[in-house]
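# Results of the structural survey
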Amino acid sequence: MITFRNNLLILLTTILVVSFILLGLVLGNTMSDALIKSSKKTLKSEMMATNEIIIHNKNDKEKLKEKLQTLHSDLNMTVQVMSGSTVIYESLSKDNMKKHQNTINEYEKRAEDKPYDYHYYISVKDNMQLMVYKGEQDQIITLYKPFTTPFEFMKQMWLYLCLILIIVLPIIYIFVRYINRRYVKPIKEVSSASKMLSEGNYKVRVAESNVVETNELYSTINELARTLQTLNNEQKIQRNRLETTLSNIPLAILMINKYDEVVIANDTYLNLFNKDQTIIKKRYQDVIDNTLVMNMVTQAMNNEVTVYRNVPIQMGVYTKHFEITAVPVLSPNKKKIQGVVLVEHDITQLIHLEQMRRDFVANVSHELKTPITSIKGFTETLLDGAKDDPLLLQDFLTIIEKESHRIQSLVEELLELSKIEQSSNVDLSHVDVVDTLEQVIEMLSLTALEKNINIELTSPSSMTVIAEASKLKQVFINIISNAINYTEVDPQDKNKDIYITVEPSEGDVYIHIKDHGIGIPESDQSRIFERFYRVDKARSRQSGGTGLGLAIVKHIVEVFGGEITFVSKPNEGSTFTVKLLGGQQHVE
């Protein structure tokens, strides 16, 4: 691409060269016309002088010839004077006229037809001119004279024009360079700076100039750059704040523009619905799989109203519940729709907790209703007269006492579970888990022997964990008691023993408690740590259980920073594994 400077230089040079050529042509033509007119005038004067000599000396031919010869020899021309067909005078250099005789004859005929007129002819090509005149004495005068062309003059003129052009061209170059440096270069610098600004480089600045005409332009572009840089920095701050907010907000957010394209999706949304996928600039119909959610976006876009709905969404094998809001984004004048913001709040846990609360209320009501109904019934029976029968009185009071203990146990375990959940009454310390297990085994050994069950402990002599002694003891009591209660009494079957193993691993301590009881059906395994959940309700109530034992165990272990897992097969038994943080190296 040719630069402006080169364009200007070429243009001015072309104009100058063409102007000089035209000037040379005009001057040449003007000089030629002036020379021809001058030659014609001179030739006419000579013709008039010749005619005067003829008039005054018409009777004296010798004198006439002498004067004509004197006149024309000084003027370097050929003369012929004829009267009719008689030659009155003829110069000696007539040979020059022979090659133009036809032209001479033609002009002499014109003179015959129009006397007293000066018939002039010139040929620049042949370098000759002639004039024919018929005077009062009927004589025809023919003057033939060489015509000197101005070639030398024209050559000199063109030479001078070329020299002037050679001198002017550098001046033109200097002038163009001056214009370029003073006006064009600043414009190019501003143009370059503007281009960099359009590309996002707001740090660019133009060095200010001392040229009045461009200094204001420089100042303006620098002020523009500073303003854009400030706005860009503020925009980056706002964008970072928005991205940080969107990234850390626990709600799934999707923004769709008026062209149905996804423009923003926060991390929560991507992790929930489109993990490891790029969805920006894609149509929301290709991103959202749920028909109800797509209908909400369409309704918000078309009707320009906010749409709320709770939508269950299938995610793999699970169904999650979302509280979804589709909010239309309007233009500042609220006349045109710009897009839709989709906000999805995962309320699965809230629904689950609400269901747990309902189940909890129902279970507590049921667990309290049964002993209270029993106590009320036996009390009313005693008041109706059964108190007078000593045997009935003793039996009824025993039942009332048992049901009272059941209510007391239920309330105490509920309070214990509440305290554990708050984690405000747990004093962690280094506890010897082997010693705790030995104490629990000793406490439950008589109950186990009644069912012909042996409890075997395999462990190092000592093993320390981070826990609270009383609550750790409660954990093992609950697990081992369940192992005993849910093992059938069968004297013929020797394989009903309970095996407890303690082993360290990578700083943690694992306690495995294996029984050979009835096991847990697969359909119930996901719920055994829920409150009041019983696999075998009749067996649990018969043994005095409240259904809170494993829920308490789970919460205690988690407060200790540990974990409880199990493996169970129906009619083969269960193995519960408690992982606790190790407190110190064991001693063999």
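Whatever comes next refers back to the structure up there.
Calculation notes
- Residues numbered from 1 in each chain as written.
- Predicted model: local features only at pLDDT ≥ 70, side-chain atom pairs only at ≥ 80, totals over all residues.
- Heavy atoms only, no water.
- Helix = DSSP H or I, 4+ residues; strand = E, 2+ residues; numbered from the N terminus.
- Buried < 20%, exposed > 50% of the residue type's maximum accessible area, 1.4 Å probe, protein only.
- Contact = heavy atoms within 4.5 Å.
- Core = buried A, V, L, I, M, F, W, Y, C linked by side-chain atoms within 4.5 Å.
- Axes fitted to C-alpha atoms, helices over the stretch in contact; angles between N-to-C directions.
- Left-handed = near helix turned anticlockwise from the far one by under 90°.
- Nonpolar A, V, L, I, M, F, W, Y, C, P; charged D, E, K, R; others polar.
- Phe/Tyr/Trp six-rings, centres within 6.5 Å; stacked < 30°, edge-to-face > 60°.
- Lys NZ or Arg CZ within 6 Å of the ring centre and 35° of its normal.
- Pairing = 2+ DSSP bridges.

### Remarks on the overall build of the protein chain
- The number of helices and strands found in the protein chain is 14 helices and 17 strands.
- For the protein chain, the residues scored as buried account for 35% of the 588 residues in total.
- Within the protein chain, contacts between residues separated by at least 24 positions form 58% of all contacts whose residues are at least 6 apart in sequence.

### Comments concerning the nonpolar core
- Residues V433, L472, F476, I480, I500, I511 and F576 are the most contacted members of the largest nonpolar core, which totals 41 residues.
- Within the residue set of this core, elements represented by two or more residues are α11 (433–450), β13 (462–467), α12 (469–485), β14 (498–505), β15 (508–514), α14 (549–559), β16 (563–569) and β17 (573–587).
- If near-sequence neighbours (up to four positions away) are discounted, I480 is found in contact with V440, L444, I455, I498, I500 and I513.
- Counting residues in each nonpolar core, the second largest holds 26 residues, with L254, V262, M294 and M301 among its members.

### Thoughts on the packing of α12 against α14
- At a closest axis distance of 9 Å, the pairing of α12 and α14 adopts a crossing angle of 145°. For the pair α12 and α14, the crossing hand works out as left-handed. Between α12, through K471, Q474, V475, N478, I479 and N482, and α14, the contact on the second element is made entirely by G549, L550, I552, V553, I556 and V557.
- Of the residues belonging to the contact of α12 with α14, the class tally is 7 nonpolar, 4 polar and 1 charged.

### Regarding the packing of aromatic side chains
- Under the definition given, this model contains 5 aromatic pairs.
- Summarising the aromatic geometry, the rings of Y118 and Y133 are spaced 4.6 Å apart at their centres and angled 15° between planes, so their arrangement reads as stacked. In this pair, Y118 is assigned in the loop between α3 (101–113) and β3 (119–123) and Y133 in strand β4 (residues 128–134), connecting sequence segments 15 residues apart.
- Positioned above the aromatic ring of Y107, the side-chain terminus of R110 is 4.5 Å from the ring centre.

### Points about the pairing of strand β9 (residues 318–330)
- With 9 bridges connecting them, strand β8 (residues 307–315) and β9 associate as antiparallel partners. Residue Q314 lies in a different strand from β9, and its bridge partner there is T319.
- Joining the antiparallel neighbours β8 and β9 is a turn of 2 residues, in which G316 adopts a positive phi near 70°.
- Taken together, the 9 bridges between β9 and strand β10 (residues 337–346) define a ladder with antiparallel strand orientation.

### Structural notes on the environment of V307
- Along the polypeptide, V307 turns up in strand β8.
- The class of V307 is buried, set by a relative accessible area of 6%.
- Taking the C-alpha atoms as reference points, V307 and V327, 20 residues apart in sequence, are found 6.7 Å from one another.
- Residues within four places of V307 in sequence aside, it is in contact with M296, Q299, A300, I324, T325 and A326.

### Notes on the sheet that holds strand β7 (residues 262–265)
- Across the sheet, which stays open at both edges, the 5 strands sit in the order β7-β6-β10-β9-β8 with antiparallel pairing between neighbours. Edge positions in the open sheet fall to β7 and β8, since each of these has one partner strand only. On average, each strand axis in the sheet is inclined to that of its neighbour by 25°, with strand direction left out of account.

### Observations regarding the sheet that holds strand β1 (residues 78–83)
- Taken in spatial order, the 5 strands make up an open sheet running β2-β1-β5-β4-β3, and their pairing is antiparallel. The open sheet is flanked by β2 (86–90) and β3, the only strands paired with a single partner. This sheet shows a mean twist of 15° between the axes of neighbouring strands, independent of strand direction.
- Judged from the 4 bridges that link them, β1 and β2 form a sheet pairing that is antiparallel. Across the sheet, the residue bridging to M82 is V87, located in β2.
- The strands touched by α3 within the sheet are β1, β3, β4 and β5 (139–146), with β4 carrying the most contacts at an inclination of about 30°.

Purely geometric numbers; function is a separate question.
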